[in-house]
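If you want the building blocks of each chain, they are given just below.
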Amino acid sequence: MKTAPSILPGAVPYQPSEFLHEVVQRNRGGEAVGTYAVCSAHPSVLDAAIHQALADGTVLHVESTSNQVNQFGGYTGFTPAQFAMKIRRIAEEAGLPSTRVLLGADHLGPYSWRSQSAAKAMANACELSAQSVLAGYQKIHLDASMPCGSDPTPLSEEVVAERTAMLCEVAEETFVSLPPGSPRPLYVIGTEVPVPGGETAEGECPVPTRLVDMQSSLDTFRKAFAVRGLEPAWQNVIGIVVQPGVEFGDTSIFEYDQNKARHLAGGLPVSPELVYEAHSTDYQTPSSLARMVKDHFAILKVGPWLTFAFREAVFALGFMESEMPESEGKASRVREVLETEMLRNPAHWDRYYHGSDEQQKFARAYSLSDRCRYYWPQPGVEQEVNRLLHNLSGPLPLALLSQYLPLQFEAIREGRLENSATEIIRHRIQSVLRVYAAACGASA
C-alpha cells in the first residue's frame, strides 16, 4: 500500500481509507492520534463537522446506523447511495473535496429487521452491506449480535461471528464490481455497546471488557472469516468494539477510568493491526478522551452530544428572542412545537424516559440521551426553527449574548465569530467537535 501523508493539519491522504489506515498504524506505533466519527444526519451538525474538518485540514468522518440509513430509507428517508451523495455534495459546496470524506456504516446488520426470522433479517442485512459498498462507504462496522425473531436469546458468539462473516463476504463480493483502483472496505467487528439509538441505563458504571473475552472474540471471528475464505478481508479489520467503561444516560455521565481499562491497552494483537472503537463517548471530558486515544481507543464515536449542543443553542436563542423588545414578525414557538411533536409520536422516547409526568417532560427537553434529536426534521419543528432564525437575522444584543451564550459572546467580542444566529449555532456545535479533534491530535 502506498504510504499516506501525515494527518497533521493541512495534509490529508489521497483516499479517506488511507487516512484511517494511517491513524491505526500511528496509534499502534505509540502516537496519540485517532479519528472521531460524527454519527448524525442533522444538517446543522453536518455543516459544523464540515467546517471543523476544513479548519483542521483533515478528513470528515461521518457514519450512519442501519436503522438511520438503509435500502428502505431508514428513519431519515435516505438509502446509502442517497446519503453518500448528500454528504459529498454539501461537503464539496463548502469546499471540502470527496477525497476528504470518509463514510462509515455503523451497526450494519439485522437490527432493523430483528422482529423477522433470522433468514429474512440477514437477507436484508446482506443487501444493506452490498448497497453500502456500492455507495462508497469505506468503513463498515459489522454487527450481527442481536437475536432475530426465530433466535434463542442470547446468541452464541459462534453464531454472531458466522453472521458477521456472511455480511463481510457480501461486502467483499460487491467490492469486485467497483471500478479498478477503488479502496477496499475496512471493517470493525464486535459490539459491547448499546443498541442503535442509545442507552437506557442510569445505574452503575459499565465494567470494561475483560481482555480474555476480547481475545476470545477475536479468535472466534478469525475462524469464521477463514471458513468463508476471507483471510484477505481479515487483514482489513482495523477495529474491534469493546466496552471501555464509558456511558451516559438521562442525567449521568460515566467517565473513563484509565486504571480500570489499562488491561485492554496492552492486549491488542500484532496481526491484524487494529485499534479499539469506542461508542457512547459523548460528554467525556477533554482529558478523558485524550487518555482513551492514548490507550488505543483510536476511533471515537460521537452523536447525541452534537445534537444536544444544537438544542442548547436553539433554546438559548429562543430565550433571547422572548427578551428582545422587537422582533421581525410573529415570535417562534420552537419549544412548544417540539414538545407537541414528541407527545404526538412518543416512539423515540417513551421506552427511555421514566418517572413522573414532570420528570418525563424535563427529559424530553434536557436529557443527555437527547431523544428530541429525532424530532428536529419534523416539518412543524423545522418551520419554527426557521422562523426563529428569521426573527434573529440581524446582529444580536451583546447583553443577551453574554446572558445566554457567554462563550459565543466572548468569541464575538474577540472577532473570532460573526454575530449571527446561524454562525452561533455552528460555533456551539464546533465547540464539541474541537474537543474531539484535540483528543485525536488533529486540531489546528
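Reference entry: report on the structure contained in this document. None of the values given here were measured: they were computed from a predicted structure. (Residues numbered from 1 in each chain as written. Predicted model: local features only at pLDDT ≥ 70, side-chain atom pairs only at ≥ 80, totals over all residues. Heavy atoms only, no water.)

Here the focus is the nonpolar core. Counting residues in hydrophobic clusters, the biggest one holds 123 residues, and the most contacted among them are Tyr36, Leu60, Phe297, Leu300, Leu317, Trp376 and Ile429. Per element, the largest residue contribution to this core is eleven residues, and it comes from helix 10 (residues 304-323). For leucine 300, the contacting residues outside a window of four places in its chain are Thr35, Tyr36, Ala37, Ala278, Thr281, Leu289, Met292, Val293, Tyr436 and Cys440. Formed by 13 residues, the second largest nonpolar core is a distinct cluster that contains Phe19, Leu102, Ile238 and Ile299. (Core = buried A, V, L, I, M, F, W, Y, C linked by side-chain atoms within 4.5 Å. Buried < 20%, exposed > 50% of the residue type's maximum accessible area, 1.4 Å probe, protein only. Helix = DSSP H or I, 4+ residues; strand = E, 2+ residues; numbered from the N terminus. Contact = heavy atoms within 4.5 Å.)

Applying the stated criterion across every chain, the model contains zero disulfides. Looking at cysteine 39, it has no disulfide partner, and the nearest cysteine sulfur is the one in cysteine 440, 12 Å off. Judged by its relative accessible area of 22%, cysteine 39 falls in the partly exposed class. In this structure cysteine 440 comes out as buried when scored by relative accessible area, which is 1%. (Disulfide = S-S within 2.5 Å.)

With that out of the way, let us pick up the pairing of strand 6 (residues 237-241). Most of strand 6 is tucked away, with five of its five residues classed as buried. Where strand 5 (residues 186-189) and strand 6 come together, three bridges link them in parallel fashion. Note on strand 6: the bridge partner recorded for valine 188 is glycine 239. As paired strands, strand 6 and strand 9 (residues 275-278) are joined by three bridges and run parallel to one another. Directly across from isoleucine 240, in strand 9, lies its bridge partner tyrosine 276. (Pairing = 2+ DSSP bridges.)

A separate point is the packing of aromatic side chains. Geometry of an aromatic ring pair is reported as the spacing of the ring centres plus the angle between the planes. Going through the model one piece at a time under the given rule, you end up with 16 aromatic pairs. The interplanar angle of 65° and the centroid separation of 6.0 Å between the aromatic rings of tryptophan 305 and tyrosine 436 together place this pair among those described as edge-to-face. Separated by 131 residues along the polypeptide, tryptophan 305 in helix 10 and tyrosine 436 in helix 16 (residues 421-439) bring together distant segments of the chain. Here the two residues tryptophan 305 and tyrosine 436 agree in accessibility, since each one is buried. One cation-aromatic arrangement involves arginine 311 over phenylalanine 315; the distance from NZ or CZ to the ring centre is 5.0 Å. Here the guanidinium or amino end of arginine 364 rests over the ring plane of tryptophan 349, the centre of that ring lying 4.8 Å away. (Phe/Tyr/Trp six-rings, centres within 6.5 Å; stacked < 30°, edge-to-face > 60°. Lys NZ or Arg CZ within 6 Å of the ring centre and 35° of its normal.)

On to the pattern of salt bridges, then. Under the counting rule described, the total for this entry stands at 21 salt bridges. The partner of arginine 89 in a salt bridge is glutamate 93, and the shortest N-O contact between them spans 3.4 Å. Of the two residues, arginine 89 and glutamate 93 are both situated in helix 3 (residues 80-93); the distance of four residues between them amounts to about one turn of the helix. For arginine 89, a relative accessible area of 43% gives the class partly exposed. (Salt bridge = Lys/Arg side-chain N within 4 Å of Asp/Glu carboxyl O.)

With eight of its eight residues buried, strand 3 (residues 101-108) lies for the most part within the structure. Following the chain from strand 2 (residues 60-65) across helix 3 to the adjacent parallel strand 3, one finds a crossover that is right-handed. In the sheet, strand 3 pairs with strand 4 (residues 139-142) via three bridges, with the strands oriented parallel. Counterpart to glycine 104 in the pairing with strand 4 is lysine 139. On the question of chirality, the crossover connecting strand 3 to the parallel strand 4 by way of helix 4 (residues 118-134) is right-handed. (Right-handed = clockwise from strand over helix to strand, strands pointing away.)

Below, the discussion takes up helix 9 (residues 286-294). Among all positions of helix 9, only Ser288, Leu289, Met292 and Val293 are buried. On an axial view of helix 9, the arc spanned by its buried residues comes to 140°, and they lie on one face. Packing partners of the buried residues in helix 9 comprise helix 1 (16-28), strand 9, strand 10 (299-302) and helix 16. In the segment just after helix 9, histidine 296 is the residue with positive phi, at about 75°. (Arc of directions from axis to C-beta.)

Residue position: threonine 35 is located in strand 1 (residues 35-38). Here the side chain of threonine 35 touches histidine 61 through a polar contact of 3.1 Å, side chain to side chain. Leave out the neighbours within four places in its chain, and threonine 35 touches Phe19, Leu20, Val23, His61, Ala298, Ile299, Leu300 and Cys440. (Polar contact = N/O pair within 3.5 Å; in protein donor to acceptor, adjacent residues only side chain to side chain.)

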